[in-house]
Amino acid sequence: MGWWTIDHTHEPNASSWVEGADGHPEFPVQNLPFGLFSNGFAAPRVGVAIGGFVFDLAGAARAGLFPDLPWLEDVAEERLNELLAMGEHARVALRHALFALLTDSARAETASAFLLPVAEVELHLPCDVGNYTDFYAGIHHATRIGKLFRPDNPLTPNYKHVPIGYHGRASSVVLSGTNIVRPQGQLPGTDGPRFGPSERLDLELELGVWIGPGNDLGHPVPIAEAHEQIAGFCLLNDWSARDVQAWEYQPLGPFLAKSFATSVSAWIVTPEALAPFRGPAFPRAAGEPRPLPYLRDEADERHGGLRLTLGVWLQTRAMREAGLPEVRLSGGSSEALYWTVQQMVAHHTVGGCNLRPGDLFGTGTISGEAQGSEGSLLELTEGGQKPVALPNGEERRFLLDGDRLRISARAQAPGFAAIGFGECVGEIIG
Ligand code: CA
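Keep in mind the model is a prediction, meaning the values are calculated, not measured. (Residues numbered from 1 in each chain as written. Predicted model: local features only at pLDDT ≥ 70, side-chain atom pairs only at ≥ 80, totals over all residues. Heavy atoms only, no water.)

Trainee: Please explain the environment of S408 as it appears in this structure.
Mentor: Tracing the chain through its elements places S408 in strand β24 (residues 404–411). A residue is classified by how much of its surface remains accessible, and S408, at 14% relative accessible area, is buried. Distance in space between the C-alpha atoms of S408 and L236 is 9.5 Å, their sequence separation being 172 residues. Among residues more than four places away in sequence, those in contact with S408 are L235, T309, L310, G311, W313 and G422. Separated by 3.3 Å, the side chains of S408 and W313 make a polar contact. (Helix = DSSP H or I, 4+ residues; strand = E, 2+ residues; numbered from the N terminus. Buried < 20%, exposed > 50% of the residue type's maximum accessible area, 1.4 Å probe, protein only. Contact = heavy atoms within 4.5 Å. Polar contact = N/O pair within 3.5 Å; in protein donor to acceptor, adjacent residues only side chain to side chain.)

Trainee: Sorry, what's going on with the packing of aromatic side chains here?
Mentor: Any pair of aromatic rings gets described here by the distance separating the centres and the angle formed by the planes. Summed over the entire model, instances satisfying the criterion amount to eight aromatic pairs. Consider the rings of Y159 and Y338, whose centres lie 5.9 Å apart with planes at 50°: the pair is tilted. A residue pair is termed long-range when its members are at least 10 positions apart, and Y159 in the loop between α6 (139–149) and β7 (165–168) and Y338 in the loop between β20 (327–330) and α10 (341–350) qualify at 179 residues. Assigned by exposure class, Y159 and Y338 land together as buried. An aromatic cluster is present here, built from Y136, Y159, F282, Y338 and W339 joined pairwise through their rings. Across from the ring centre of W339, 4.9 Å away, lies the NZ or CZ of R284, which sits over that ring. (Phe/Tyr/Trp six-rings, centres within 6.5 Å; stacked < 30°, edge-to-face > 60°. Lys NZ or Arg CZ within 6 Å of the ring centre and 35° of its normal.)

Trainee: Is there a simple way to explain the sheet that holds strand β6 (residues 132–135) in this structure?
Mentor: The strands that make up a sheet pair up through hydrogen bonds in the backbone, lying either parallel or antiparallel. Taken together, seven strands build an open sheet; the order of strands is β7-β6-β21-β13-β14-β16-β8 and the sheet is mixed. Only two strands of the sheet have a single partner each, and these edge strands are β7 and β8 (173–175). Across this sheet, the average inter-strand angle for adjacent strands is 35°, counted without regard to direction. Summarising the sheet, strand β13 (residues 205–211) and strand β14 (residues 230–237) pair through seven bridges and their orientation is antiparallel. The residue of β14 that forms the bridge with G208 is C234. Lying over the sheet, α10 contacts β6, β7, β13, β14 and β21 (360–362), oriented at roughly 105° with respect to β14. (Pairing = 2+ DSSP bridges. Axes fitted to C-alpha atoms, helices over the stretch in contact; angles between N-to-C directions.)

As structure tokens, this is what we get:
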């Protein structure tokens, strides 16, 4: 038994009585992600995505549909911090209870009263985000960015020893669908800085990680227990103003270049749902440094990696006005993460830092090695030098007003039902 365990809830032929759930590209009964929703004047509460519906978990708990989970009624009426804080054991019990309910046609009549079409509800940011930390674990991203500055030695000497990150801004984490206002700031110029709207607005394709129970100040989380702190995953777009960043980043790293908005997708996909899509951690070649002991764990090396396919899609204003669909800009695989999420937790806490329920991590930009798998325009256009040609004749070096960006992720493996994450979208407004 471990956090990568496959059980009956991953059975590919499992069938739900919820219309359209079987074979749903993102939310079949094998997924069951949590989100925060409201309808009408009711306060936001916890729901579960199933097919094209939201299952009102709070309402169902109140109506007594989960008699074996007496704690559920209280936590389902709150932001998801409370449920995430319950930890792995409670989350697995809830997954099993939900799976039993949504696959048992004898209970369809009772439970279907708590299904709402997703188009009829409003989704909210799932947690009160206390802290947001962004890592830099995408090794091909780090290499390509490094090459722009240090062609012969792109990776900094610390990269393969320490999971690099910075403390981001939690207050500007926004839900998918929120418009992104182009930031103004100090831009580098030949005669000193200018002030104005960023001219090099970029995206960063990342996974978000929602933290569960948390740890006490001064009590590091050992790597072997780090999985207990990981409550779920989402899509994350770390919008970045490259010109602001280039001028301000030395010597303390990103500041205003990244604090104007960070978009996350609405649904929290659990580690249990992702169990079939686990694999080994990033392979260290012979001669590469072994991680220090506090970052090393046999189970993490064998199962700590994630096998997700990510994509970036763009629809410009001109495309929208002409009725043209979005186009795929790029996309890669989460196998490009040099550090596992467990290693990020162990490292984040090793000095004594406390994590709290609802804290958010970004993995760092996920880029593949090959052309066409870059997770940012900075890489895709080589620092803005080689514009991307779009099918309607437009081109992009960086994002323009009216551009609508969507990122997606899909988990797929032979013998299992594929699952998705929903969408993480944002439109740039001036
Ligand atoms: Ca980032």
